Amino acid sequence: MLMLLCLQINRKAQEDPAYKEIPVGVILDMGSSYSYSGVGRSVQSCITMAVSEFYMVNPHFQTRIVVHPLDLLEKPKVEAIIGSESTAEAKLLAVLGDNARVPILSLSPCLSCNKHPYFLQVTQDETSQFEGIAAMAESFRWKEVILICEDSDSGRDMTNTLQTKSILVTHRSLISTSSSNELLQEELHKLSTMQTKVFIMHASPCVASHLLVNAKHLGMMDKGYKWIITGKTMKFLNLLEDEVIECMQGAVGFKSYVPQSRNVQNFTSRWRRKYHVMVKLKEINSYALWVYGAVSALAVAVEQVEQLKRKDVETTASDLTQSQRGTTLLLNEMLSISFHGLGGAFQLTNGNGEINAAQVIEIINVMDKGEKRVGFWTRDAGFTKKIGRLNKSLSDEGLEAIIWPKAKGGNPSQTHRMLQLQVSSKILRIGIPGVLGVSKASQVKYDAQSNATVVSGFCADVFRIAFKGLGRDISFQFFPFTGEDGIVNYNDLIYRVYTGEFDAAVGDITITANRSLYVDFTQSFTDLGLGMLSRNTHAGMWIFMEPLSSDLWLVSACFFILLGFVIWILEHQTNKEFQDSSSQQIGTTLWFAFSTLVFAHRQKLHSNLSRFVVIVWLFVVLVLASSYPATLSSLFTIEQIRLASNRDSIGYQGGSFVMGDIVRNLNFKDTRLKPYYTTDEYVDALSHGSKNGGVDAIIDEIPYLKGFLAQYPSGYSMVVSEVTTSGFGFVFPLGSPLVPELSRQISRLRENGSLAKLEKKYCFKSNQQSKDSEHASKILNLKDCRGLFLISGVSMAVALSIFLFYFIHEKLHFTYTMLAGGKLAFIMRILNPKPVVETR
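Residues numbered from 1 in each chain as written. Predicted model: local features only at pLDDT ≥ 70, side-chain atom pairs only at ≥ 80, totals over all residues. Heavy atoms only, no water.

Applicable threshold: UniProt positions are given in the numbering used here, feature names are shortened, and annotations may be inferred rather than shown by experiment.
Labelled according to an unreviewed UniProt entry, the protein chain appears under the name Glutamate receptor, originating from Lactuca virosa. In its Sequence similarities (unreviewed entry) section, the UniProt entry covering the protein chain states "Belongs to the glutamate-gated ion channel (TC 1.A.10.1) family." For the record of the protein chain, the UniProt heading Subcellular location (unreviewed entry) holds the text "Membrane".

What follows is the structure, given as structure tokens:
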């Protein structure tokens, strides 16, 4: 009977497991994991792996999630549903979840589902991506864009976000997932005829792949076009075919950022080992990590709901009421769960949830067969090259250089049709700075006799000669450009070229990376970098005393005397050269000490201690003697300005970019900078100096300073600084075919000497040789050299201590010997008295 009872209990335990199974439905596209319609098999593997690993870590849980493939035509009883890879599925499941009161864990965000409380969004919200794209369009000053998307709701939301930045969506193209290849080609052909060449695409990988391949064939992925692709496609970039990635070269993508941690790496390794046959991804993406976190959150919520049910003492409620109450509890528990998962902070949200303001968007540039990260975007920090730093430097702001689509063969007329210049019967409109600056770079004068504006100067002549060398039958006309206050704003001039008001711009326009985002520059036709200009100071009769501070001179003299005194002590008893009369000994000692300054001491030293002291002192003298001429020489340059105190003032050319470059690269403060506009103002400011309302130095581009020194060859000096600018270049619209041709002409002018002749003609080459110094001159003081004197002083003290020790030891030994010898003689006389000899 006992054996039968045990068998019955064992059989009942096997039939009734110790945990309760909770059915969960899954809706996935189970096509190939390489298909563009989704990554169903990859998501299924993540769900299976999440369930297995979760309960392996939590074996004490009294519930277990059991995943069932779900058929919506049937009416299965499930506690939750995971699925909806597409927007259409998300809309359907959102309605189904509200009617059945079943939480829906959607893998696809759906903006129209924000009113459905049972619709839980697993992936991060798309609104942050839309705002980041709008911020990029604003930073690049794009006024018009074309939007390509699948969902009309997403299109409306994207359009509204762009309109907040005053960016016009000239056309919104809605693409269906069932669109044929012919319909896609027809739509793209219509888009290619529009003037706007900036496209924003928000589509699934399937639709995006067909669009990009057809756009490549139509020449819409060549130079001049700009494509921005959202995370709806970019998070599956590694699953796309090589042909599609080849068509995406130069496109910029936005996707949610997944920090690479050790846990993520371990998870990726486990996933590859277990599902290596079906995994094509080179690295795990945020999609899989969100699914993994959602399953873990669901498992915790199910366990907590089951515990609440067991504590519930209400036994009169009907089964339907209990079921409805259970799903409501499950929904509330899932919304309350938050933890730090593999992909970062994880929390499910529904239509009532707030958007995560700390969401980080990663910006990538498609290059070769992969991607290159160019920066990040967040609502709080904007664009930044690095993430996770509390204190950003100026160098971390903005994005890395983006390589936009380049022309690769094809019909040149098709590639550049939106960039064709007015080269037929029209005249090129060339903008030129209309105010004379501090050099003869550009001069604009009005000729009363001919009633015309005459443009001359170095930049205009270089442009004329280079343009003439093109051999084109093209004419151009200069149009002077000034700001409202009569001062030229070079960024505004460049913007007029960008908007098409001018066909080009000629003048002293510096090439910078930021400006190159909007226009194309020719090769530079001037020297590179910045220089510093200062007024030469007249050297007084005591200039030789300035390299060393007064306290250093005094301490050095004292140490020379101290050295002589120490050597006299050490050598006096044994060296005859230090044993003459008192006056002779003083003279010899001082002569020996000061002759070490030029290493001309001739007295022979007998003591090793003396030699030790002198060797250490000669090292000190060597350092001082080598530093003195270098410091004296550098006093005649202005490199010391870079390390001037905060009360010094620095001038710069007003109306140019130089001020920002000085602050970024030379570490000057804005409050120390003063703008000047003419050569006469330069002279007046340097003449007065900072103490009288002027400045100590003026920082400007090297061509300007060379022109100034040519006009004022004496009284001023220039120090070439590090190369922080790229020189002057001619400005053309992006993709202009004249840019490479003019660049080649500029190279020819430099090689045949024509450019040098023009520089000499317009005083862009000075006769005064620039003084270049790697380090700022700095007067040596005692604080800088205290270590040397400390070493020498210690060596003298050690030598004297050793000398005194041996001297005292010898004296004591002699005294002891004398005393001991006297006592012995006295005792011997007592013991052995001599006999008295009588004398007669």
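Moving on from the coordinates now.
**Quick notes on the overall build of the protein chain**
Applied cut-off: Secondary structure elements follow DSSP: runs of H or I no shorter than four residues count as helices, runs of E no shorter than two count as strands, and numbering proceeds from the N terminus. Under the scheme applied here, a residue whose accessible area is under 20% of the maximum for its type counts as buried, over 50% as exposed, and between as partly exposed, the area being computed with a 1.4 Å probe on protein chains only. Throughout, a contact is declared for two residues whenever any of their heavy atoms are within 4.5 Å. Using the Shrake-Rupley algorithm and a 1.4 Å probe, accessible areas are obtained, with residue cover drawn only from the displayed protein chains.
Within the protein chain, the secondary structure is distributed over 24 helices and 27 strands. Out of the 840 residues in the protein chain, the part that is buried amounts to 46%. Expressed as a percentage of contacts within the protein chain between residues at least 6 apart in sequence, the contacts between residues at least 24 apart total 71%. Working note: accessible area of the protein chain is about 43,800 Å², and carbon and sulfur atoms make up 56% of it.

**Some points on helix α11 (residues 286-311)**
Stated formally: Expected helix span is taken as 1.5 Å per residue step, with the number of steps being one fewer than the number of residues.
In this model, α11 (26 residues) spans 38 Å end to end at C-alpha, consistent with the 38 Å of a helix rising 1.5 Å per residue. Of all 26 residues that make up α11, 19 are buried, and the element is covered over most of its length.

**Observations concerning the sheet that holds strand β2 (residues 63-69)**
Let me state the cut-off plainly: Criterion used throughout: strands pair if DSSP finds at least two bridges between them. Between N-to-C directions, angles cover 0 to 180 degrees, with each direction set by a line fitted to C-alpha atoms, over the stretch in contact for helices.
Pairing is parallel across the open sheet formed by five strands, whose spatial order is β2-β1-β3-β4-β5. Either end of the sheet is taken by a strand with one partner, and the two such strands are β2 and β5 (119-121). Put simply, the sheet's adjacent strands are angled 30° from each other on average, direction ignored. Sheet contacts for helix α2 (residues 40-57): β1 (20-27), β2 and β3 (80-83); angle to β2, the most-contacted strand, approximately 165°. In the packing of helix α3 (residues 87-100) onto the sheet, the strands contacted are β1, β3, β4 (104-106) and β5, and the crossing angle to β4 comes to about 165°.

**Focus: the confidence of the model for the protein chain**
Stated precisely, the cut-off is as follows: The pLDDT score gives, residue by residue, the confidence of the prediction method on a 0 to 100 scale.
Here the protein chain averages 75 in pLDDT, and 73% of its residues register 70 or above. Below a pLDDT of 50 lies the segment residues 315-321, which in the model reaches one contact outside its immediate sequence neighbourhood of four places, other chains included. Counted against residues more than four places away or in other chains, residues 638-647, with its pLDDT under 50, gives 26 contacts.

**So, a nonpolar patch on the surface**
Rules: The patch calculation keeps residues exceeding 30% relative accessible area without a salt bridge and links them within 9 Å when they carry like charges or within 5 Å when they are nonpolar (Val, Leu, Ile, Met, Phe, Trp, Tyr). A side-chain nitrogen of Lys or Arg and a carboxyl oxygen of Asp or Glu constitute a salt bridge if their distance falls within 4 Å.
A cluster of nonpolar side chains, contributed by F612, L790, V794, V798, I802, F805 and Y806, occupies part of the molecular surface with about 680 Å² of accessible area. Relative to the assigned elements, F612 resides in helix α18 (residues 608-634).

**Describing the pattern of salt bridges**
If you walk through the whole model with that rule in mind, you get 10 salt bridges. Its salt-bridge partner being K190, residue E187 comes within 3.4 Å of it at the nearest N-O pair. Taken together, the positions of E187 and K190, both in helix α6 (residues 181-192) and three residues apart, correspond to about one turn of that helix. On the accessibility criterion, K190 (38% relative accessible area) is partly exposed. One salt bridge connects K255 with E371, and the closest N-O pair in it is separated by 3.1 Å. Of this pair, K255 sits in strand β10 (residues 252-256) while E371 sits in strand β14 (residues 370-378), and the two are 116 residues apart along the sequence. Of the residues examined, E371 reaches a relative accessible area of 31% and is grouped as partly exposed.

**Side note on the packing of α2 against α11**
Helix-helix packing is characterised by the crossing angle of the two axes and by the distance between the axes. To keep things clear, this is the line we draw: Angle categories: roughly parallel below 35 degrees, roughly antiparallel above 145, roughly perpendicular from 65 to 115, and oblique for all the rest. Rotating anticlockwise by less than a right angle from the far helix to the near helix defines a left-handed crossing, while the corresponding clockwise rotation defines a right-handed one. Throughout this entry, Asp, Glu, Lys and Arg are counted as charged residues, while Ala, Val, Leu, Ile, Met, Phe, Trp, Tyr, Cys and Pro are counted as nonpolar. The remaining residues, Gly among them, count as polar.
Here α2 crosses α11 at 40°, and the two axes come no closer than 9 Å. Classified by the angle between their axes, α2 and α11 sit oblique to one another. Considering how the two elements wind past one another, α2 and α11 form a crossing that is right-handed. In this structure, α2 uses V43, C46, I47, M49, A50, V51, E53, F54 and Y55 to contact α11, whose residues at the interface are Y287, A288, V291, Y292, V295, S296, A299 and V300. Among the residues making up the contact of α2 with α11, the classes are represented as 15 nonpolar, one polar and one charged.

**Section: the pairing of strand β12 (residues 344-347)**
Bridging between strand β11 (residues 338-341) and β12 involves four bridges; their strand directions are antiparallel. Across the sheet, the residue bridging to S338 is Q347, located in β12. Connecting β11 to the antiparallel partner β12 that follows it, the hairpin turn spans two residues.

**Quick notes on the packing of α6 against helix α7 (residues 205-217)**
At a minimum axis distance of 10 Å, the contact between α6 and α7 shows a crossing angle of 55°. As summarised for this structure, α6 and α7 are arranged oblique, according to the angle between their axes. Considering the relative orientation of α6 and α7, their crossing is right-handed. In this structure, α6 uses N181, L184, Q185 and L188 to contact α7, whose residues at the interface are H210, L211, N214 and A215. For the contact of α6 with α7, the class distribution of residues is four nonpolar, four polar and no charged.

**Focus: the UniProt feature "transmembrane region" (unreviewed entry) in the protein chain**
UniProt annotation of "transmembrane region" (unreviewed entry) refers to residues 552-570, 582-600, 612-630 and 787-808 when read in the numbering used here. Secondary structure across residues 552-570 comprises 100% helix and 0% strand; the distance between its end C-alpha atoms is 26 Å. Summarising residues 787-808: 100% helix, 0% strand, and an end-to-end C-alpha distance of 31 Å.

**Structural notes on unusual backbone geometry**
Phi is positive for R141, close to 60°, though the residue is something other than glycine. Of note, R141 is situated in the loop between α4 (127-139) and β6 (144-149). The phi torsion at S166 lies on the positive side, around 60°, for a residue other than glycine. Tracing the backbone through its elements, the reader meets S166 in the loop between α5 (152-163) and β7 (168-174).

**Regarding the pairing of strand β13 (residues 361-367)**
Across the seven residues of β13, six count as buried, placing the element largely inside the fold. In the sheet, β10 pairs with β13 via five bridges, with the strands oriented antiparallel. Bridging across to β13, G253 finds its partner in I364. Sheet topology note: the β13/β14 ladder contains seven bridges and is antiparallel. By the bridge assignment for β14, I361 is matched with W377. Linking two consecutive strands that pair antiparallel, namely β13 and β14, is a turn of two residues; a positive phi of about 55° is found at D368 within it.

**A word on the sheet that holds β10**
Spatially, the eight strands line up as an open sheet ordered β7-β6-β8-β9-β10-β13-β14-β15, and their pairing is mixed. Edge positions in the open sheet fall to β7 and β15 (382-384), since each of these has one partner strand only. Put simply, the sheet's adjacent strands are angled 25° from each other on average, direction ignored. Where β6 lies against strand β8 (residues 198-202), four bridges are found, and the strand directions are parallel. If you follow I146 over to β8, its bridge partner there is F199. Against the sheet, α4 makes contact with β8, β9 (226-229), β10, β13, β14 and β15, and its axis sits at roughly 145° relative to β10, the strand it touches most.

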